[in-house]
Amino acid sequence: MNTSFLEDFKNAWGKPNNALAQIILINVIIFGALAVFYVFGKILGLEAIFGFVHDQFSIPPLFSDFIMRPWTILTYAFAHSLDSIFHILFNMLIFYWFGQLIVEYLGNQKIISLYVLGALAGAAVYLLVYNIVPFYKEQAGFSGMVGASAAVYAVTVAAATLMPNYSFHLLFFGPVKIKYIAGFYILTSFIGSVGGNAGGNIAHMGGAAMGYLYIRQLQAGNDLGLWVISTMTFFKSFFVKQSKIKVTHKTERSQSTSSSSSTSSSTRTSVDQEEIDTILDKISKSGYESLSKSEKQKLFNASKK
């Protein structure tokens, strides 16, 4: 049974262009590991050790505490409250629904960039508010914040900004445009920013702002997430064996042919990108449903690259 479980995990993890599922798996694994540690910590009287481990995933509200564990600016977005399973359940469901749209229309790497940027933006706004605004400084006596919500809000708002008129079929409501769903989430977080989970709701709005900014900048030709992918690729290079490149010498004619082919490919790539930008602009203005069949196919093909 253990072998079967490991095989299922390897198959789910190892699929190509699978960042959406991988991020969900990381969240579920960390939740499960912390939950097991929590239960056995209670039974064996190891609450202090559990508390120390949990703190490594919990971002504190005060700068004086944060500088002692700065890595929590990102690790908090991969952990969830153990008080209720609904915290991780709802986060991962919403992330999956909206994340599928990002992956399908923008590609696999964009979901990684959005998740990381959303988490960082949410953490930054959370820290600034609790260290600058007097109202929140007076309430900064809690241990810290966990949850993927800021990252999930970034993905949700990004999808709604990219294709605002795309509809989800909701139970009891029928088809609802995702721009209204995203707007509802933002409104509830704004109201909750002075409630019991003020820190979390403030982070939500920071993530939402990043999701909007990311798509607008992408439509303007600027990818704010390039550094995220470059950093990830750099660290992966230490663990993934690079294939050896065989160098051969070709004749002058072959080199000339290759140069001509390269120039043609470069020109074609430039034209393709212009077409995709035009299609994305059309989605932003009129919704995904306004695309022709050929435009939908071009967008789908581009997301596979």
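Criteria and thresholds
- Residues numbered from 1 in each chain as written.
- Predicted model: local features only at pLDDT ≥ 70, side-chain atom pairs only at ≥ 80, totals over all residues.
- Heavy atoms only, no water.
- Helix = DSSP H or I, 4+ residues; strand = E, 2+ residues; numbered from the N terminus.
- Buried < 20%, exposed > 50% of the residue type's maximum accessible area, 1.4 Å probe, protein only.
- Contact = heavy atoms within 4.5 Å.
- Areas by Shrake-Rupley, 256 points an atom, 1.4 Å probe, with all protein chains shown as cover.
- Expected span 1.5 Å × (residues − 1).
- Phe/Tyr/Trp six-rings, centres within 6.5 Å; stacked < 30°, edge-to-face > 60°.
- Axes fitted to C-alpha atoms, helices over the stretch in contact; angles between N-to-C directions.
- Parallel < 35°, antiparallel > 145°, perpendicular 65-115°, else oblique.
- Left-handed = near helix turned anticlockwise from the far one by under 90°.
- Nonpolar A, V, L, I, M, F, W, Y, C, P; charged D, E, K, R; others polar.
- Core = buried A, V, L, I, M, F, W, Y, C linked by side-chain atoms within 4.5 Å.
- Salt bridge = Lys/Arg side-chain N within 4 Å of Asp/Glu carboxyl O.

(A) Broad picture of the overall build of the protein. Along the protein, the regular secondary structure elements total 14 helices and 2 strands. When burial is assessed residue by residue, the protein has 39% of its 305 residues classed as buried. Expressed as a percentage of contacts within the protein between residues at least 6 apart in sequence, the contacts between residues at least 24 apart total 68%. Summing over all exposed atoms, the protein offers an accessible surface of approximately 18,000 Å²; the carbon and sulfur share of this is 64%.

(B) Structural detail: helix α11 (residues 198-219). Taking 1.5 Å of rise per residue, the 22 residues of α11 would be expected to cover 32 Å, and the 32 Å separating its terminal C-alpha atoms lies within 8% of that figure. A large share of α11 lies buried, amounting to 16 of its 22 residues. Trailing α11 by a residue or two, Gly221 shows a phi angle of about 95°, which is positive.

(C) Representation of the packing of aromatic side chains. Using the criterion set out here, one finds 16 aromatic pairs in the structure. Arranged with centres 5.2 Å apart and planes meeting at 40°, the rings of Phe78 and Tyr115 form a pair that is tilted. Of this pair, Phe78 sits in the loop between α5 (72-75) and α6 (86-106) while Tyr115 is found in helix α7 (residues 108-132), placing the two residues 37 residues apart along the sequence. Pairing Phe98 with Phe168 gives two aromatic rings, centres 5.0 Å apart and planes at 65°, and the pair type is edge-to-face. Of this pair, Phe98 sits in helix α6 while Phe168 sits in strand β1 (residues 167-170), and the two are 70 residues apart along the sequence. Phe98 gets classed as buried once you look at its relative accessible area, which sits at 1%. For Phe168, a relative accessible area of 16% gives the class buried. Here the aromatic cluster, defined as three or more aromatic residues joined through ring pairs, consists of Tyr126, Tyr130, Phe135, Tyr136 and Phe142.

(D) Summary view of the packing of helix α2 (residues 19-44) against helix α3 (residues 47-55). Between α2 and α3, the shortest axis-to-axis distance is 8 Å and the interhelical angle comes to 160°. As the angle between them shows, α2 and α3 are arranged roughly antiparallel. Here the hand of the crossing between α2 and α3 comes out left-handed. Note on element contacts: α3 touches α2 through Glu47, Ile49, Phe50, Val53 and His54, opposite Leu34, Phe37, Tyr38, Gly41 and Lys42. Per-class residue counts for the contact of α2 with α3 are 6 nonpolar, 2 polar and 2 charged.

(E) View of the nonpolar core. Membership of the largest hydrophobic core comes to 73 residues, with the highest contact counts inside it found for Phe95 and Ile178. Elements with a minimum of two residues in this core: α2, α6, α7, α9 (149-162), α10 (178-192), α11, α12 (226-236) and α13 (252-286). Filtering out sequence-adjacent residues up to four positions away, Phe95 remains in contact with Leu20, Ile23, Ile24, Gln100, Ile111, Tyr115, Val152 and Val155.

(F) Summary view of the packing of α7 against α11. Packing of α7 against α11 leaves a shortest axis separation of 7 Å and a crossing angle of 135°. In terms of orientation, α7 lies oblique with respect to α11. Considering how the two elements wind past one another, α7 and α11 form a crossing that is right-handed. Here α7 contributes Lys110, Ser113, Leu114, Leu117, Gly118, Ala121, Gly122, Val125, Tyr126, Val129 and Tyr130 to the contact with α11, which in turn contributes Ala198, Gly199, Ile202, Ala203, Gly206, Gly207, Met210, Gly211, Tyr214 and Leu218. Counted by class, the contact of α7 with α11 contains 13 nonpolar, 7 polar and 1 charged residues.

(G) Main features of the environment of Tyr214. Looking at where Tyr214 falls in the secondary structure, it is placed in helix α11. A C-alpha to C-alpha distance of 9.9 Å links Tyr214 and Leu162, two positions 52 residues apart in sequence.

(H) Representation of the pattern of salt bridges. This model, assessed by the stated rule, comprises 1 salt bridge. Of the charged contacts in the structure, one is a salt bridge between Asp223 and Lys110, with a shortest N-O distance of 3.6 Å. Placement of the pair is Asp223 in the loop between α11 and α12 and Lys110 in helix α7, with a sequence separation of 113 residues. By relative accessible area, Asp223 is classed as partly exposed at 22%.

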